[in-house]
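# Structural description and commentary
This is what each chain is made of:
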Amino acid sequence: MALQPSNLRKALGSITDPESGKDIVTAGMVKDIRSEGDDISIELELLGANNPMQARFSEQIEQAIRATSSECKEPVGAVEVTFTADTRSENERVKDETNPLPNVKKIIAVGAGKGGVGKSTVATTLAIGLARQGNKVGLLDGDIYGPSMPTMLGLHREESQAEEGFLLPFKVHGIEAMTIGKLVEPDRALIWRGPRAHSAFSQLATQTKWGELDYLIVDLPPGTGDVPLSLAQLLPLTGAVIVCTPQVVAQDDARRAVRMFQQLGVPILGLVENMSYFVADDGKEYDIFGRGGGEQMASAMNLDYLGGIPIHPDMRIAADSGEPLRNWAINETMSNAFDTVCENLVAASQSATPDRPTISVS
Ligand code: ADP
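The residue count restarts for each chain, going from 1 along the sequence in the order it is written. Predicted model: local features are reported for residues with pLDDT of at least 70 only, side-chain atom pairs are reported and counted for 80 or more only, and whole-chain, interface and lining totals are derived from all residues. Where side-chain values are given, they derive from all heavy atoms of the structure, hydrogens and water being excluded.

## Details of the sheet that holds strand 2 (residues 39-47)
Which entries qualify depends on this criterion: Two strands form a pair only when DSSP identifies at least two bridges running between them. A helix here means a DSSP run of H or I that spans at least four residues, while a strand means a run of E at least two residues long, and both kinds are numbered starting from the N terminus. Axis definition: a line fitted to C-alpha atoms, over the contacting stretch in the case of helices. Angles run 0 to 180 degrees between N-to-C directions.
Strand order across the open sheet formed by 3 strands is 1-2-3, with mixed pairing between neighbours. Each edge of the open sheet is held by one strand with a lone partner, namely strand 1 (30-36) and strand 3 (79-86). Taking each pair of neighbouring strands and ignoring which way they run, the sheet shows an average axis angle of 15°. By the bridge criterion, 6 bridges tie strand 1 to strand 2 in an arrangement that is antiparallel.

Right, dumping it as C-alpha cells:
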C-alpha cells in the first residue's frame with residue numbers, strides 16, 4: 001500500500017518556510033499532492049518565479065517523505081516536486097489577506113522623492129479638501145522620522161487618548177487624525193531605524209481606532225525607505241499620490257518614488273505639483289519655479305496629473321499656526337486649485353480597480 005495523504009501532509013508539515021516562519025502546509029504553499037502507484041508528486045507555490053529556495057525545498061520534501069515512508073513501512077517510488085509562482089505584489093498579497101482596517105474604504109499614500117517639497121502640506125490639503133466635499137476622512141501622519149501633523153493640525157491643544165488598547169484619533173478641522181508626534185518626543189521619533197521604524201509605523205497604522213472612513217490619507221516619510229514598504233505590507237492601499245515641485249532638478253527624485261510604489265504593486269493615482277505658481281493679490285499668476293514641470297513628467301511617465309497647488313506665504317502661516325482650513329480663504333484661485341486636485345483624486349481612486357495586473361517584486 002502507498003503512503004496515505006494524511007501521512008504525506010504530516011511529512012510536509014515538518015518543513016518550515018523561513019519567509020513566514022510557518023510550516024509549508026499551514027502557510028498554504030502546498031498546492032497539490034498526488035500519488036500514482038508508489039510515485040508521489042508535490043506542487044509547491046513560492047514567491048516569484050525562479051525562487052532560489054526551490055532546490056532546498058525539493059531536497060527537504062524528498063527527505064521528509066522518505067523518512068515518513070520508512071517510519072510507516074510503506075514503499076515510496078519517485079518523489080517529484082514542481083513549483084508554481086505566487087507573483088502577486090506586496091500590496092496585492094495584503095489585499096487578499098485580512099484587512100486590519102475594515103472600516104476604511106480607500107487608503108491613499110502620499111509620497112515624495114525628497115523632503116521639503118510640501119508633501120505633508122499636500123496630504124493635509126487633500127484630507128481637509130476631501131472632507132469639505134462631504135467625505136469622511138482620516139489623516140495618518142506616517143512620517144515617523146519627522147512628524148509635522150502636531151504643528152500643521154494644531155494638535156498641541158489635544159490630549160492623546162486610548163481605548164481597549166487602541167489609539168483614538170484626534171477629531172480636528174472636520175477630519176480624524178493620528179500622528180506619532182503626539183505619542184513620543186519628536187526628537188526620539190527621528191532616530192528610529194529598520195525594525196523599530198516598522199514596528200512604530202505598524203502600531204500607528206493598525207492600532208488606531210478610526211471611525212467609518214471614505215478615505216484614509218497616509219503622509220509618508222520622504223524618499224524610498226522602509227516605511228512605504230511596511231505600509232504596502234500592512235494595509236491594502238488603493239494607490240499613491242506623488243508630490244513634486246516644478247523644477248526639472250526635482251524630477252529624478254519624484255521618478256524614484258513613482259518606481260518604488262510601482263515595484264510594490266501600488267497603483268499611482270497621480271502627481272501633484274506643489275509650489276506650482278504664485279497668485280498675487282491682484283489675481284496675477286507668476287511662475288516662480290517653472291510651472292508645468294510636474295505635468296510634463298506625469299505625461300512622460302504615463303501618469304495622471306492631479307493638478308498644481310500654488311505657493312503662497314499664507315499657506316505657510318496656516319501650517320505653522322495649525323489652521324489648515326484657512327487655506328481655503330486665501331483667494332479663489334487657490335481654493336479652486338485645492339478643490340480640483342481633490343476632485344481629480346476622487347476620480348482617479350474610483351478608476352483604480354482593486355484587481356489590476358500585478359508586478360512581481362522577486
Ligand atoms: P515635506 O512634507 O515635503 O517635507 P512640508 O509640507 O512640511 O514639506 O512643507 C515644507 C514647508 O513649506 C512648510 O513650512 C510648509 O508650510 C511650506 N509649504 C509647503 N507647501 C507650500 C505652499 N504651496 N505655499 C507656501 N508654503 C508651502
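## Observations regarding the domain arrangement of the protein
Selection rule: Each domain's extent is set by a domain assignment, obtained either automatically or from a database.
The assigned domain composition of the protein is domain 1 (5-87) and domain 2 (93-352). A straight line from the C-alpha centre of domain 1 to that of domain 2 covers 45 Å.

## Quick notes on empty space enclosed by the protein
Selection rule: Of the grid points, spaced at 1 Å and generated over the protein atoms alone, those admitting a 1.4 Å probe that cannot get out make up cavities, while open sets with protein on both sides within 12 Å along at least five of seven lines make up pockets; any residue with an atom within 4 Å of a point is treated as lining. Grid points are joined across faces, edges and corners, and a volume is the space filled by probe spheres set on the points. Only Asp, Glu, Lys and Arg are considered charged, only Ala, Val, Leu, Ile, Met, Phe, Trp, Tyr, Cys and Pro nonpolar, and every remaining residue, Gly among them, polar.
Here the structure, examined in full by the defined rule, presents 2 cavities of 30 Å³ or more. In this structure, the largest cavity spans a volume of roughly 60 Å³. Lining the largest cavity are T121, T124, T125, M152, M315, A318, A319, P324 and N327. Elements with a minimum of two residues in the lining of the largest cavity: helix 4 (119-132) and helix 11 (313-320). For the lining of the largest cavity, a count of residues per class yields 5 nonpolar, 4 polar and no charged. Considering only enclosed or pocket space, the second largest cavity measures out at about 30 Å³ in volume. Contributing to the lining of the second largest cavity are G113, K114, V117, V243, C244, T245, A250, D253 and A254.

## A look at the pairing of strand 3
Formally: By convention a crossover is right-handed if, when the strands point away from the viewer, the path from the first strand over the helix to the second runs clockwise.
Where strand 2 and strand 3 come together, 8 bridges link them in parallel fashion. The residue of strand 3 that forms the bridge with L46 is A85. In terms of handedness, the path from strand 2 via helix 2 (residues 54-72) over to strand 3 forms a crossover that is right-handed.

## So, the pattern of salt bridges
If charged atoms from side chains of opposite charge come close, those side chains can pair. Threshold: The working definition used for a salt bridge is a side-chain nitrogen of Lys or Arg within 4 Å of a carboxyl oxygen of Asp or Glu. Relative accessibility under 20% of the residue-type maximum defines a buried residue, over 50% an exposed one, and the middle range a partly exposed one, all with a 1.4 Å probe and only protein chains included.
Applying the stated criterion across every chain yields a total of 14 salt bridges. Residue E163 is joined to K209 by a salt bridge in which the shortest nitrogen-to-oxygen separation is 2.8 Å. Here E163 is found in strand 6 (residues 161-163), whereas its partner K209 is found in the loop between helix 7 (194-206) and strand 10 (213-219), with 46 residues between them in sequence. Of the residues examined, E163 reaches a relative accessible area of 36% and is grouped as partly exposed.

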